[in-house]
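# Overview (structure and organization)
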Amino acid sequence: MIVIEPYKGRPVTDQRVEIVERKGTGHPDYLCDSMMEAVSIALSREYMKKFGAILHHNIDKGLLAAGRVEKLFGGGRVLAPMELTIGDRATFEAGGKKVRVADIAIEAVKAWLKQNMRFVDPERHLNYRVVLAQGSEELTDIFSRAGTVLGANDTSAAVGYYPLSPTEQAVLSLERHLNSKAFKTRYPETGEDIKVMGLRTGRDLDLTVAMPLVSRFVWNEKNYFERKDALRKVMDRFVERFDAFRKVKVHFNTLDAPGRGLNGVYLSLLGTSAEDADSGQVGRGNRVNGLISLNRPMGTEAAAGKNPVSHVGKIYNVLAHRIARKIHDDVEGVREAYVLMLSRIGSPINEPQVATVQLMMKNGKSVKHIAGKAEAIVARELASINRFCIELSKGKYPIC
């Protein structure tokens, strides 16, 4: 069932207060989401190679337990490695062919770390604990039932929206800039564990940025605060491009306390607080559009690591945002689009119990005049869901 109706709330940009968070590449929760998603992509690739189909797996129960390090100005050492627990379910054998599930999982995590975390050595700085087990017979059987479209393996709801507000765009783009390859090349002293919290009050935007400096590049306390001041000025120049606001202010590493030496500065040995201060868990990070937006509706499903062909907790979360964007971009007069999707376990994933589109129109426009176009977009996306799922399995759509 597809329902098109007006959105009854206020536009996000018209609300006096807006709060948006982004956890960056090296944040322990982002690490967990990304590494479990890398395992799902690698297993999907192996299943396709061996069996011509993606078999049952859900790698969405991951935990990154913090290690222990000694940080010094100019360097430091790892005292105890981080520990990554890779959990839930996978298919280990089908048709007499075995799959190296544990090996594939660890190899995928190591490859992701080498590509994204400059100072984390996946051989020395992490221990791996693989607790994947064979899936339940009933859920595994979904993958062998007749039909061109798989049945949903859960009764689950998801929501997506578009467009991003100026505050959401600012928070996302600042973190992406600070963690870009070009920025890290120019400022190698900056760690990957970046969190940006945006607070818009009226037309004023406050951005609180937490970003450690890597200890090997910082010689003493004085040098730390010199580099911190220079980096804050770089951020000040970057945020000048956010012209939707009357004023933008950046607050950087606000826990720092000059005069307290190592106890008063935010240093990291490996670029992530998971080295000694904070553990990570799948599902506690960004939603699938890369943000945690408190003024928006949000689902509770952890998309990372779920299988991309039957688990609607992943499929519908990403698809809802995709549909909202297509409706906003392709249908004239839409100011904001919200898409809510609900599955029923066992029903084909292209036949949700309901797909509700809630539209906020621009002045003078009416939902009833464009409802047919919006419904056609939803129907078209559901009809091509198999292709979408294959793209999802290859990592085409980021999930954090």
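Everything below is about the structure shown above.
Predicted model only: the values in this text are computed from it and were never measured. In this numbering scheme, every chain counts its residues from 1 along its sequence in written order. Side-chain atom pairs in this predicted model are given and counted only at pLDDT of 80 or more, local residue features only at pLDDT of at least 70, and totals for whole chains, interfaces and linings cover all residues. The side-chain figures draw on all heavy atoms in the structure; neither hydrogens nor water molecules are used.

## Considering the sheet that holds strand S1 (residues 2-6)
- Between any two strands, pairing holds if DSSP finds at least two bridges. Secondary structure follows DSSP: runs of H or I at least 4 residues long count as helices, runs of E at least 2 residues long count as strands, and numbering of each begins at the N terminus. Strands sit in the order S1-S20-S19-S11 across an open sheet of four strands; the sheet is mixed. Two strands lie at the open edges of the sheet, namely S1 and strand S11 (157-162), each paired on one side alone. The mean angle between the axes of side-by-side strands here comes to 15°, regardless of whether they run parallel or antiparallel.
- Direction of pairing for S11 relative to strand S19 (residues 334-342): antiparallel, over a ladder of six bridges. Each residue of the ladder has a partner; that of Val159, found in S19, is Leu340.
- Most of the contacts of helix H7 (residues 312-330) go to S11, to which it runs at about 30°, and overall it touches S11, S19 and strand S20 (354-361).
- Those strands touched by helix H8 (residues 367-383) are S1, S19 and S20, and its axis lies near 145° from that of S1. Between N-to-C directions, angles span 0 to 180 degrees; the directions come from axes that are lines fitted to C-alpha atoms, helices contributing only their stretch in contact. When checking whether two residues touch, look at their non-hydrogen atoms; a contact exists if any pair is within 4.5 Å.

## Quick word on the sheet that holds strand S12 (residues 195-201)
- On the basis of which strands lie adjacent, the open sheet formed by five strands has the order S15-S13-S12-S2-S18 and mixed pairing. Of all the strands in the sheet, just strand S15 (247-252) and strand S18 (292-293) have a single pairing partner and so form its edges.
- Pairing of strand S2 (residues 17-23) with S18 involves two bridges; the strand directions are antiparallel. Bridge pairing in S18 links Val20 to Ser293.
- Across the face of the sheet, helix H4 (residues 166-178) comes into contact with S2, S12, strand S13 (204-210) and S18 while running at roughly 25° to S2.

## Here's the deal with the environment of Ala304
- Its location among the elements puts Ala304 in the loop between S18 and H7.
- To sort residues, take the accessible area from a 1.4 Å probe on protein chains only and compare it with the maximum for the residue type: under 20% means buried, over 50% means exposed, and anything in between is partly exposed. Overall, the relative accessible area of 4% leaves Ala304 in the buried class.
- Considered as a pair, Ala304 and Leu172 are 132 residues apart in the sequence and their alpha carbons are 19 Å apart.
- When near neighbours in sequence (up to four residues on either side) are disregarded, Ala304 contacts Asp33, Glu37, Ile59, Asp60, Val282 and Ile399.

## Thoughts on the nonpolar core
- Buried Ala, Val, Leu, Ile, Met, Phe, Trp, Tyr and Cys residues that are joined via side-chain atoms within 4.5 Å together make up what is termed a nonpolar core. One finds Met35, Leu64, Leu84, Ile327, Met341, Ile349 and Leu359 to be the most contacted residues of the largest nonpolar core, which totals 79 residues.
- In terms of residues, this core owes the most to one element, helix H1 (residues 28-51), which gives ten residues.
- In this view, Ile327 contacts Val334, Ala337, Val357, Leu359, Ala374, Ile377 and Val378; residues no more than four positions away in its chain are not counted.
- Core analysis: the next-biggest nonpolar cluster, separate from the first, contains 29 residues, Phe183, Leu207, Leu213 and Phe238 among them.

## A short note on the pairing of S19
- Relative to S20, S19 runs antiparallel, the two sharing eight bridges. By the bridge assignment, Glu336 is partnered in S20 with Met360.

Don't take any of this as a statement about function, it's just geometry.
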